[in-house]
Amino acid sequence: MEEESLSRSWRGAGSMPWYVGASQLLGVASVVMTGVWMGHYRGGYAWDGSAQEFNVHPLCMVLGMIFLYGDAIMVYRVFRTESKRSVKILHAVLHALTLLISIIGIVAVFQFHSASSIPHMYSLHAWCGMLAFVLFIAQWLLGFLFFLFPGATAWLRSCYLPLHAFFGLVLFGLAVATCLLGMVEKLLFSILDTYSRFTAEGVLANCLGMVLLGYGVLVGYVLTRDDFRRPPHPEEEALSVHFKTLTEGGATSP
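The structure contained in this document is the topic of the report that follows. As the structure is a prediction and not an experimental result, all values here were calculated from the model.

## So, the packing of aromatic side chains
- Evaluated as defined, the whole model comprises 11 aromatic pairs.
- A ring pair is formed by tyrosine 19 and phenylalanine 228, whose centres lie 6.0 Å apart and whose planes are at 50 degrees; its orientation type is tilted. With tyrosine 19 in helix 2 (residues 16-41) and phenylalanine 228 in the loop between helix 8 (200-224) and helix 9 (234-248), this residue pair connects regions lying 209 residues apart in the sequence.
- Judged by relative accessible area, which is 0%, phenylalanine 228 ranks as buried.
- The interplanar angle of 55 degrees and the centroid separation of 5.4 Å between the aromatic rings of phenylalanine 54 and phenylalanine 112 together place this pair among those described as tilted. Here phenylalanine 112 lies in helix 5 (residues 84-115) and phenylalanine 54 lies in helix 3 (residues 51-54), a separation of 58 residues in the sequence. Taken as a pair, phenylalanine 54 and phenylalanine 112 share a single burial class, namely buried.
- Clustering of aromatic rings is evident, with ring pairs tying together Phe67, Tyr69, Phe136, Phe172 and Tyr215.

Parameters at a glance
Residues numbered from 1 in each chain as written. Predicted model: local features only at pLDDT ≥ 70, side-chain atom pairs only at ≥ 80, totals over all residues. Heavy atoms only, no water. Phe/Tyr/Trp six-rings, centres within 6.5 Å; stacked < 30°, edge-to-face > 60°. Helix = DSSP H or I, 4+ residues; strand = E, 2+ residues; numbered from the N terminus. Buried < 20%, exposed > 50% of the residue type's maximum accessible area, 1.4 Å probe, protein only.

Right, dumping it as structure tokens:
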């Protein structure tokens, strides 16, 4: 009986902490590995238009658009028993941090290109990155208007919620793919002649790419597994019905 109970727990939501914990290990590892790559192999960090300022870009984008963004879209799965309002605020705060850190990273690469007379926005990585960033801002603003701004009706929220969840996951996948494109671009620009010899920098970057893929897969799995969905809370359903009554003029049955 105990083994059967453990088996059911593992097949259900009981296994979620293991997947979330593994995702956090990979997420932190990706940020650390990016820091080591740019700090040790690429000369460190600065804010003076030099190549060291460019190094701020990959670190900020991995920290913001990958790690923090991945955590932001998992909070409704992780904090399944907390009040929905608290989780909603945490979700919005993590997105705001993602936006702030990403802006720093984008400013760094534009300043570096300007100081080095390098054309802007010519590569596939740049196009995908700007697309992901613009869509992320749109997603964040729409989420604020629909779910935090009091003017949205319950009907509008229920219609937009599936789109918000779907495009949030799509944008995360696009961010991971864009990071991988940027890594390949950086390696070809920096160590093209020695990359094929399994140099330490190249191996580190390849390992970082695998870690990013692993993090992306785990986040996607946690978000798409039905057993991990946030269970309905009676008090939240009551509040939802009450909100609908106030905003749409409906009547609840006695």
